[in-house]
Amino acid sequence: MGRLQDKIAIVTGAASGIGAATARRVAAEGALTVVADLNSDGAEAVAEELRAAGGSATAVTVDLGDADSVRAMVAAAVDRYGGLDVLHNNAAATHLAARQDLAVVEADPAVWDDTMRINLRGTMVAIQAAVPHLIARGGGSIVNTSSGSGLTGDLRNPAYGASKAALINLTQYVATQYGKQGVRCNAVAPGFIVTPASSGSAHGAIREAMLRHHLTPRLGRPEDVAAAVVFLASDESAFITGHTLRVDGGLLSHAPYVADLRNG
Ligand SMILES: NC(=O)c1ccc[n+]([C@@H]2O[C@H](COP(=O)([O-])OP(=O)(O)OC[C@H]3O[C@@H](n4cnc5c(N)ncnc54)[C@H](O)[C@@H]3O)[C@@H](O)[C@H]2O)c1
């Protein structure tokens with residue numbers, strides 16, 4: 001019996017990286033899994049993999065930047081499986097963060113708007129569409145993907161960081177407003193996880209600097225985040241809501257000088 005046995009779960013951004021790893025874990029724990037992504041072929045490939053492994057999975061194409069598309073994703077899950085128990089809002093415009101989300105003074109307002117529309121409004125609309133279905137089944141669990149970038153400043157990605165900080169607050173609002181109806185809402189804040197989106201920084205001097213600042217002997221893997229999401233989605237976390245769980249190998253747990261002193 002899996003920890004999400006027969007639960008109906010949506011994972012967004014599930015064609016790649018952390019979302020794909022989470023869809024695999026969610027399905028392995030027994031959930032009927034909706035693999036949602038803008039990348040239709042990638043979502044179908046992951047769904048096919050889950051079915052081949054003996055799970056039940058359906059690919060759905062969604063654009064988080066389009067509210068109607070987000071509502072249609074939730075409706076498709078409910079139509080296919082008869083309800084909804086778990087919503088994992090993992091997708092983000094990582095392509096904008098990587099290439100166009102620069103220092104504040106140079107920031108392009110259009111990139112700011114697109115980032116907020118996809119990362120923040122898209123997540124809000126998904127929650128808005130999902131909550132009545134969760135309540136209809138006596139409750140459920142929402143897990144939002146924030147980021148360490150939502151907890152600190154950095155040399156780039158101000159729009160991304162602000163959108164991820166806002167998700168931490170939205171998580172608390174949803175937990176506050178629907179908790180009495182059995183809906184829990186938590187967030188994960190990954191640190192530096194090696195995925196297609198972060199692979200450009202996963203070698204050379206940046207990798208070495210990252211490793212120095214981790215308290216673990218290694219950098220993060222998508223499966224590390226997937227394990228935290230399964231915990232927050234399952235009844236094992238039944239008394240936890242409104243919480244943001246850092247999954248970052250201790251990257252933000254230490255005083256800033258620790259890495260320098262350790263090596264010096
Ligand atoms: N990798 C890291 O180090 C790291 C750190 C902190 C937080 N995160 C967060 O984890 C989540 C997953 O990151 P990842 O590294 O796996 O990224 P990724 O780029 O590998 O995957 C993101 C997925 O989201 C999809 N997507 C992008 N725009 C979309 C849209 N408009 N509608 C629907 N789907 C869309 C992409 O097609 C892709 O499959 C993101 O929310 C990211 O911000 C990642």
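Residues numbered from 1 in each chain as written. Predicted model: local features only at pLDDT ≥ 70, side-chain atom pairs only at ≥ 80, totals over all residues. Heavy atoms only, no water.

**Some remarks on the site of the ligand**
Then, number 1: Neighbouring the ligand are 29 residues, the closest being Ser16, Asp37, Asn90, Tyr160 and Thr195.
Then, number 2: Contacts to the ligand include tyrosine 160, whose side-chain N or O atom sits 2.4 Å from an oxygen atom.
Then, number 3: The contact in question runs from an oxygen atom of the ligand to an N or O atom on the side chain of lysine 164, over 2.8 Å.
Then, number 4: When residues of the shell around the ligand are traced back to their parent elements, those giving at least two are helix H1 (17-28) and helix H6 (158-178).
Then, number 5: Its residues placed into classes, the shell around the ligand shows 14 nonpolar, twelve polar and three charged. (Near = heavy atom within 4 Å. Polar contact = N/O pair within 3.5 Å; in protein donor to acceptor, adjacent residues only side chain to side chain. Helix = DSSP H or I, 4+ residues; strand = E, 2+ residues; numbered from the N terminus. Nonpolar A, V, L, I, M, F, W, Y, C, P; charged D, E, K, R; others polar.)

**Here we look at empty space enclosed by the protein**
Then, number 1: Going through the model one piece at a time under the given rule, you end up with one cavity of 30 Å³ or more.
Then, number 2: Here the largest cavity is characterised by a volume of approximately 40 Å³.
Then, number 3: Every residue lining the largest cavity is listed: Gln100, Asp101, Leu102, Ala107, Asp108, Val111, Trp112 and Ala159.
Then, number 4: For the lining of the largest cavity, a count of residues per class yields five nonpolar, one polar and two charged. (1 Å grid on protein atoms, 1.4 Å probe; cavity = no way out; pocket = protein on both sides within 12 Å on 5 of 7 lines; lining within 4 Å. Points joined across faces, edges and corners; volume = space filled by probe spheres on them.)

**Remarks on the environment of leucine 87**
Then, number 1: For leucine 87, the position within the fold is in strand E4 (residues 86-89).
Then, number 2: You can call leucine 87 buried: its relative accessible area is 0%.
Then, number 3: In this structure the C-alpha to C-alpha distance between leucine 87 and isoleucine 18, which are 69 residues apart in sequence, comes to 15 Å.
Then, number 4: Residues contacting leucine 87, with those up to four places away along its chain left out, are Ile10, Ala126, Ile127, Ala130, Ser141, Ile142 and Val143. (Buried < 20%, exposed > 50% of the residue type's maximum accessible area, 1.4 Å probe, protein only. Contact = heavy atoms within 4.5 Å.)

**Let's talk about the sheet that holds strand E1 (residues 8-12)**
Then, number 1: Read across the open sheet, the seven strands follow the order E3-E2-E1-E4-E5-E6-E7; overall the sheet is parallel. Strand pairing shows two members of the sheet lacking a second neighbour, strand E3 (56-61) and strand E7 (244-247), which therefore form its edges. Direction aside, neighbouring strands of the sheet carry axes that sit 20 degrees apart on average.
Then, number 2: Relative to E4, E1 runs parallel, the two being bridged by three bridges. In the sheet register, valine 11 faces E4, and the bridge partner there is histidine 88.
Then, number 3: Together, E1, strand E2 (32-37), E4 and strand E6 (183-190) form the strand contacts of H1, whose direction differs from that of E1 by roughly 170 degrees.
Then, number 4: Together, E2 and E3 form the strand contacts of helix H2 (residues 40-52), whose direction differs from that of E3 by roughly 175 degrees. (Pairing = 2+ DSSP bridges. Axes fitted to C-alpha atoms, helices over the stretch in contact; angles between N-to-C directions.)

**What about the side chain of histidine 214?**
Then, number 1: Structurally, histidine 214 can be placed in the loop between helix H7 (204-213) and helix H8 (222-233).
Then, number 2: Note on histidine 214: relative accessible area 3%, which makes it buried.
Then, number 3: Dropping the residues within four chain positions of it, histidine 214 is found in contact with Phe192, Leu219, Asp248, Gly249, Leu251 and Arg262.

**What to know about the layout of surface pockets**
Then, number 1: Its boundaries defined by the atoms lining it, the second largest pocket holds a volume of some 190 Å³.
Then, number 2: Lys7, Gly139, Gly140, Ser141 and Asp235 are, among the 14 residues lining the second largest pocket, the residues nearest its centre.
Then, number 3: For the lining of the second largest pocket, the per-class residue count stands at four nonpolar, five polar and five charged.

**Things to note about the nonpolar core**
Then, number 1: Ile10, Met73, Leu84 and Ile142 are the most contacted members of the largest nonpolar core, which has 35 residues in total.
Then, number 2: Secondary structure elements with two or more residues in this core: E1, E2, helix H3 (67-81), helix H5 (109-136), H6 and E6.
Then, number 3: A total of nine residues in this core trace back to one element, the largest contributor, which is H5.
Then, number 4: Non-local contacts of methionine 73, meaning those with residues more than four positions away in its chain, are made with Ile10, Thr12, Ala36, Val60, Val62 and Ala126.
Then, number 5: One finds Ala20, Val46, Val225 and Ala233 within the second-largest nonpolar core, a separate group that totals 27 residues. (Core = buried A, V, L, I, M, F, W, Y, C linked by side-chain atoms within 4.5 Å.)

**Some details on the packing of H5 against H6**
Then, number 1: Here H5 crosses H6 at 20 degrees, and the two axes come no closer than 9 Å. Comparing their axes, H6 and H5 come out roughly parallel. Between H5 and H6 lies a crossing whose hand is right-handed. Contact residues: H5 offers Trp112, Thr115, Met116, Asn119, Leu120, Thr123, Met124, Ile127, Val131 and Ile135, while H6 offers Pro158, Ala159, Tyr160, Ala162, Ser163, Lys164, Ala166, Leu167, Leu170, Val174 and Tyr178. (Parallel < 35°, antiparallel > 145°, perpendicular 65-115°, else oblique. Left-handed = near helix turned anticlockwise from the far one by under 90°.)

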